[in-house]
Amino acid sequence: MSALLYVSMIFIWGFSWISIKWQHGDVPMEVSIFYRFAIAAAVMFVVGKLCGKLQPVKRKDHAFLALQGVCLFCCNFLAFYSATLYIPSGLVAVFMASAPVFNAVHSKLFYQTKINANFWFGAMLGLAGISLLFASDLLQTDWSQDTLYGLLFALLGTWCFSIGNMLSIRNTKNNVQPFTATSYAMVYGCVALLMIILVRGISFEFTMTTQYIGSLLYLAIPASVLGFTFYLILVDRLGASNAAYILVITPIVALSVSAVFEDYHWTLYSTLGLVLVIFGNVLTQRKKPLFKGNTTLSQFKI
């Protein structure tokens, strides 16, 4: 089941990148993100009530669900959307692909989770592969003040995503199931977005085009309802670090989609990057150490 969820997530979130691109236009990004999670939250609650999946939540847990919602369904999306205003989307994806490393460090800080050397080798190979996949974007980047702003926003978005993962672990440990946690967290994320929209005086625009409505529905239901529920289940089953490695794999699907819709061309660098990403993914899941002996990196734990 974990393998099925993992593969499903790769394709669901892999196709979401082109949908996010199609959301850009006359509708402000804050409003588009609000629409997305308002629809997703409504679907989650209807399905949860009809299927009996929505469990009662204790009052003390709502504060953590609210924090999870602000991190996962508000701040990180605002940060990543903002980052793309300053730097190429490929460079933003490189930073987002560093989420497994953030999760490994945060898991150690908050939950004393041990991470073996295989994970670190695999994660580094995966990040190197992602860098090769986006080598052209990296080489064309003008390292100006705007670039610094973009990198800071991308770093902030990745950090928020990782903190949201840690809060998900906490909620699961307190018997709040992923479906319930995602449902309530989306509502709290929408509340935070609504407050930002009202305070900043942003108008609620809407574009009545097939492309905008279609991409919005895809982002709301498959990418959000299914995507985040599956992902938080994997966080519970595999651990935050291994689950977040999905973010290293999904750009491959996104690039394949770009090859169809945006005339992306594979190169020697991107092909080598793909090989490194796949090998790194296999290595992070390997239980046996690569090396033997008491003094090798195979014994390293954090």
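Rules used throughout
Counting restarts for each chain: residues are numbered from 1 in the order of the written sequence. The predicted nature of this model means local features are confined to residues of pLDDT at least 70 and side-chain atom pairs, given and counted, to a pLDDT of 80 or more, with totals for whole chains, interfaces and linings taken over all residues. The basis for the side-chain values is all heavy atoms of the structure; hydrogens and waters are excluded. Numbering goes from the N terminus for both helices and strands, where a helix is a DSSP run of H or I of at least four residues and a strand is a run of E of at least two. Expected helix span is computed as 1.5 Å times (number of residues minus one). Here the bend at a residue means the angle between the axes of two seven-residue stretches, the one that ends at it and the one that starts at it. The patch calculation keeps residues exceeding 30% relative accessible area without a salt bridge and links them within 9 Å when they carry like charges or within 5 Å when they are nonpolar (Val, Leu, Ile, Met, Phe, Trp, Tyr). For the accessible areas, the method is Shrake-Rupley and the probe is 1.4 Å, while residue cover comes only from the protein chains on display. The salt bridge definition used is simple: a Lys or Arg side-chain nitrogen within 4 Å of an Asp or Glu carboxyl oxygen. Note on classification: 1.4 Å probe, protein chains only; a residue is buried when its accessible area is under 20% of the maximum for its type, exposed when over 50%, partly exposed between these limits. Interaxial angle, 0 to 180 degrees, is taken between N-to-C directions of lines fitted to C-alpha atoms, where a helix line uses only the stretch in contact. Take the far helix as your reference; a near helix turned counterclockwise from it by less than a right angle gives a left-handed crossing, and one turned clockwise gives a right-handed crossing. Side-chain classes follow a simple rule in which Ala, Val, Leu, Ile, Met, Phe, Trp, Tyr, Cys and Pro form the nonpolar group, Asp, Glu, Lys and Arg form the charged group, and the remainder, Gly included, forms the polar group. By the convention used here, residues are in contact when the closest approach between their heavy atoms is within 4.5 Å. Working definition: a ring pair exists when centres of Phe, Tyr or Trp rings (six-membered ring for Trp) sit within 6.5 Å. Plane angles under 30 degrees give stacked, over 60 give edge-to-face, the rest tilted. Whether a charge sits over a ring comes down to the Lys NZ or Arg CZ being within 6 Å of the ring centre and within 35 degrees of the ring normal. Should an angle fall under 35 degrees it is taken as roughly parallel, and over 145 as roughly antiparallel, whereas 65 to 115 is taken as roughly perpendicular and any remaining angle as oblique.

### Some thoughts on helix H3 (residues 59–83)
In this model, H3 (25 residues) spans 35 Å end to end at C-alpha, consistent with the 36 Å of a helix rising 1.5 Å per residue. If you look at H3, its biggest bend is around 35°, right at Cys71.

### Comments concerning a nonpolar patch on the surface
Judged by side-chain polarity, Leu85, Tyr86, Leu148, Tyr149 and Leu152 come together as a nonpolar surface patch covering roughly 510 Å² of accessible area. The residue Tyr149 is located in helix H8 (residues 145–173) in this model. Owing to a relative accessible area of 36%, Tyr149 belongs among the partly exposed residues under this scheme.

### So, the packing of helix H1 (residues 2–23) against helix H10 (residues 210–238)
Two quantities define a packed helix pair, namely the angle between the helix axes and the distance between the axes. Between H1 and H10, whose axes approach to 8 Å, the crossing angle comes to 150°. Viewed along their axes, H1 and H10 form a crossing whose handedness is left-handed. Residues of the contact of H1 with H10, tallied by class, amount to 22 nonpolar, eight polar and one charged.

### A look at the environment of Asn281
Residue placement: Asn281 occurs in helix H13 (residues 268–285). For the pair Asn281 and Asn242, spaced 39 residues apart in sequence, the C-alpha separation works out to 8.9 Å. When sequence neighbours within four positions are dropped, the list of residues in contact with Asn281 reads Tyr6, Tyr245 and Ile249.

### Considerations on the packing of aromatic side chains
A complete count under the given rule lists 16 aromatic pairs for this structure. Seen from their ring centres, Tyr35 and Phe204 are 6.5 Å apart, and the 45° between their planes marks the pair as tilted. One end of the pair, Tyr35, is in helix H2 (residues 29–51); the other, Phe204, is in the loop between helix H9 (178–200) and H10, and 169 residues separate them in sequence. Look at Phe204 and you get partly exposed, because its relative accessible area is 40%. In textbook terms, an aromatic cluster arises when at least three aromatic residues are bridged by ring pairs, as seen for Trp13, Phe37, Phe73, Phe77, Phe161, Phe228 and Tyr231. The ring of Phe64 is capped by Arg170, whose NZ or CZ atom sits 3.8 Å from the centre of that ring.

### Overview of the packing of helix H5 (residues 99–111) against helix H6 (residues 117–133)
The contact between H5 and H6 brings their axes to 9 Å, and the two run at 150°. Relative to H6, H5 is oriented roughly antiparallel. Residues Pro100, Val101, Ala104 and Val105 of H5 touch H6, and the partners they reach there are Phe119, Trp120, Ala123, Met124 and Leu127. Grouping the constituent residues of the contact of H5 with H6 by class yields nine nonpolar, no polar and no charged.

### Considerations on the pattern of salt bridges
The final tally for this structure, using the stated rule, is two salt bridges. For Glu30, the salt bridge goes to Arg200, with nearest N and O atoms at 2.7 Å. Here Arg200 lies in helix H9 and Glu30 lies in helix H2, a separation of 170 residues in the sequence. Of the residues examined, Glu30 reaches a relative accessible area of 7% and is grouped as buried. Among the salt bridges present, the one from Asp61 reaches Arg170, with a minimum N-O distance of 2.9 Å. Here Asp61, found in helix H3, pairs with Arg170, found in helix H8; they are 109 residues apart in sequence, far enough to count as distant. The same class applies to Asp61 and to Arg170, which are both buried.

### A few points about the environment of Ile252
Within the secondary structure, Ile252 sits in helix H12 (residues 246–261). For the pair Ile252 and Gly14, spaced 238 residues apart in the sequence, the C-alpha separation amounts to 7.3 Å. For Ile252, the residues in contact, after removing those within four places along its chain, are Leu133, Trp266, Leu274 and Val277.

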